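Listed below are the residues making up each chain.
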Protein chains: 2
Amino acid sequence: MKETTTLFQHGTLALLIPGLFAGTLSAGDLVKHGDTGIGTLDALNGEVIVIDGQVYQAAEDGHVYSVPDTAMMPFASVHFSDINQPKISLEGLNQDQFSNWLIEDRHLKNAFAAITLHGQFSMVHVRVAPKQTVPFPPLTAATAHQPEFTREQVSGTVVGYFAPDLYAGATVAGCHLHFISDDRQFAGHLLDFQLIGGEGGVQLLPNLLLHLPTDNATFMNADIELNGLNDAINQAEH
Amino acid sequence: MKETTTLFQHGTLALLIPGLFAGTLSAGDLVKHGDTGIGTLDALNGEVIVIDGQVYQAAEDGHVYSVPDTAMMPFASVHFSDINQPKISLEGLNQDQFSNWLIEDRHLKNAFAAITLHGQFSMVHVRVAPKQTVPFPPLTAATAHQPEFTREQVSGTVVGYFAPDLYAGATVAGCHLHFISDDRQFAGHLLDFQLIGGEGGVQLLPNLLLHLPTDNATFMNADIELNGLNDAINQAEH
């Protein structure tokens, strides 16, 4: 019986801002804490989607790759999906309408929650962070120009999290959603979608287990500029 | 073997700001997650110190009471003390100098850490939050007038945590320290001290396990005003 009430997060979004993109947790260790989730890889090399315990990379070339257990990640969030979670039928929503439904109808506000939406989409629009080279630039520079991809008539799954505004900086406040197609050929960080019809799930997560890379000297000594942090996050992540 | 790398926190400081002082976790459940820590009780009824697995209340009458397992708490932090943690001899420091030592000499910056200091003090100055009645006022009103107590020539233990600035609001950023005397007769939230000599310990905590009261409707529906949050926290907690 998996523990389905905890959001495990490695690293913080704030540490990506000054360019701490070096991986500090392996994909193999990550999936010990969850079978579903999102993240990024060492050197900001694309977008990660964890689904059914498998780790996938949406790469800047527009392709999707299986991520080996040894791949390192600077920032990732996972949880164990509760198979008994009720599913809610939804249709005709775009991404903003889906986010509003989560907040208005599902009352997401002060607690963390895992979000899934599986269905048929007439359009899915994603972007993928491009791989960076050492010395790493700040996140806003690294993400100023990101490849974007659009797919029409695709079935797949939206995976991500809702976090309260209080945790902006530690993580992405509001909804942070990735997508992967059922054929595992198309994936990325969601910019927009148009749902034909599907089933949504909201799994409330009363516990946040935040794991910081305290054995990494760069992390321990980094100067995190808190002023303007949320502006930088919103610029890079939305 | 206890797990000595995790800071368990129930509730958030931000939720105390609008007056959510109702207890949502029992002291008995709290000590399942740690033998050392700090917190407050239902109705903001004093200051809590957890030491050697025992839970104590510093009450507004200046006395210290043992807290029953059934007592409820809206906000508390605990960890399991690592008995193998090196102790460092210190002498002649006041509270500001001790905090500076933690930050400058121990390099506390981006990670959570548990702090202890056991020794002989020529002076210890504490304050104790006074018990509130329903309907609870905001934290700044509740803590505008707090009883303060000073003891001279006392041996005891400083217990508390360091948290990075990034987590201000979720918890108290910087050092948040309570005190309890060896005879368990004097305790409270530390305002200042003058150490004669003692031994300090800094236990790095790579993991934060944040547990939110998601089964509490008041919590789930509360409006948390983030603007001015840190000003209100600094006014109430320092």
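Everything that follows concerns the structure shown earlier in this document.
Residues numbered from 1 in each chain as written. Chains lettered and ligands numbered in written order. Predicted model: local features only at pLDDT ≥ 70, side-chain atom pairs only at ≥ 80, totals over all residues. Heavy atoms only, no water.

Draft legend 1. Examining the relation of the copies chain B and chain A more closely. When chain B is fitted onto chain A, the two copies agree to an RMSD of 0.0 Å after a turn of 180° and an axial shift of 0.0 Å. Taken together, the turn and the small shift mark the pair as related by a two-fold rotation axis. For chain B, the residue whose C-alpha comes nearest the rotation axis is Leu209 of chain B, separated from it by 2.2 Å. Residue by residue, 100% of the interface of chain B is reproduced at the interface of chain A, so both copies engage with the same surface. (Least-squares fit on C-alpha atoms with pLDDT ≥ 70 in both. Contact = heavy atoms within 4.5 Å.)

Draft legend 2. Molecular detail of the pairing of strand S8 (residues 75–79) of chain A. All names here are of chain A. Of all five residues in S8, five are buried, a share of seventy percent or more. Going residue by residue along S8, you find Phe75, Ser77 and His79 tucked away on one face and Ala76 and Val78 tucked away on the opposite face as well. By the bridge criterion, three bridges tie strand S1 (residues 6–10) to S8 in an arrangement that is antiparallel. Paired with His10 across the bridge in S8 is Ala76. Where strand S3 (residues 36–40) and S8 come together, five bridges link them in antiparallel fashion. Directly across from Thr40, in S8, lies its bridge partner Phe75. (Buried < 20%, exposed > 50% of the residue type's maximum accessible area, 1.4 Å probe, protein only. Helix = DSSP H or I, 4+ residues; strand = E, 2+ residues; numbered from the N terminus. Pairing = 2+ DSSP bridges.)

Draft legend 3. Just helix H6 (residues 229–237) of chain A, in detail. Residues and elements named next belong to chain A. Those residues of H6 lying buried are Leu229, Ala232, Ile233, Ala236 and Glu237. On an axial view of H6, the arc spanned by its buried residues comes to 105°, and they lie on one face. For H6, the exposed residues lying more than 90 degrees away from the buried face are Asp231 and Gln235. Lining the buried residues of H6 we find helix H1 (13–16), strand S10 (112–127), helix H4 (139–142), strand S12 (174–181) and strand S13 (187–205). (Arc of directions from axis to C-beta.)

Draft legend 4. Main features of the interface of chain B and chain A. Counting residues at the interface gives 28 residues for chain B, matched by 28 residues for chain A. Summing both sides of the interface, chain B and chain A together bury roughly 2,400 Å²; the carbon and sulfur share of this comes to 61%. One can count two salt bridges joining chain B with chain A. A salt bridge links Asp223 of chain B to Lys109 of chain A, with the shortest nitrogen-to-oxygen separation between them at 2.7 Å. Linking chain B to chain A there are 17 residue pairs in polar contact (both at pLDDT 80 or more). For the side of chain B that touches chain A, the elements supplying multiple residues, two or more each, are strand S14 (207–211) and helix H5 (217–221) of chain B. Among the elements that line the side of chain B that touches chain A, the one with the most residues is S14 of chain B, at five residues. Its residues placed into classes, the side of chain B that touches chain A shows 18 nonpolar, seven polar and three charged. (Buried area = accessible area lost by both parts, 1.4 Å probe. Salt bridge = Lys/Arg side-chain N within 4 Å of Asp/Glu carboxyl O. Polar contact = N/O pair within 3.5 Å; in protein donor to acceptor, adjacent residues only side chain to side chain. Nonpolar A, V, L, I, M, F, W, Y, C, P; charged D, E, K, R; others polar.)

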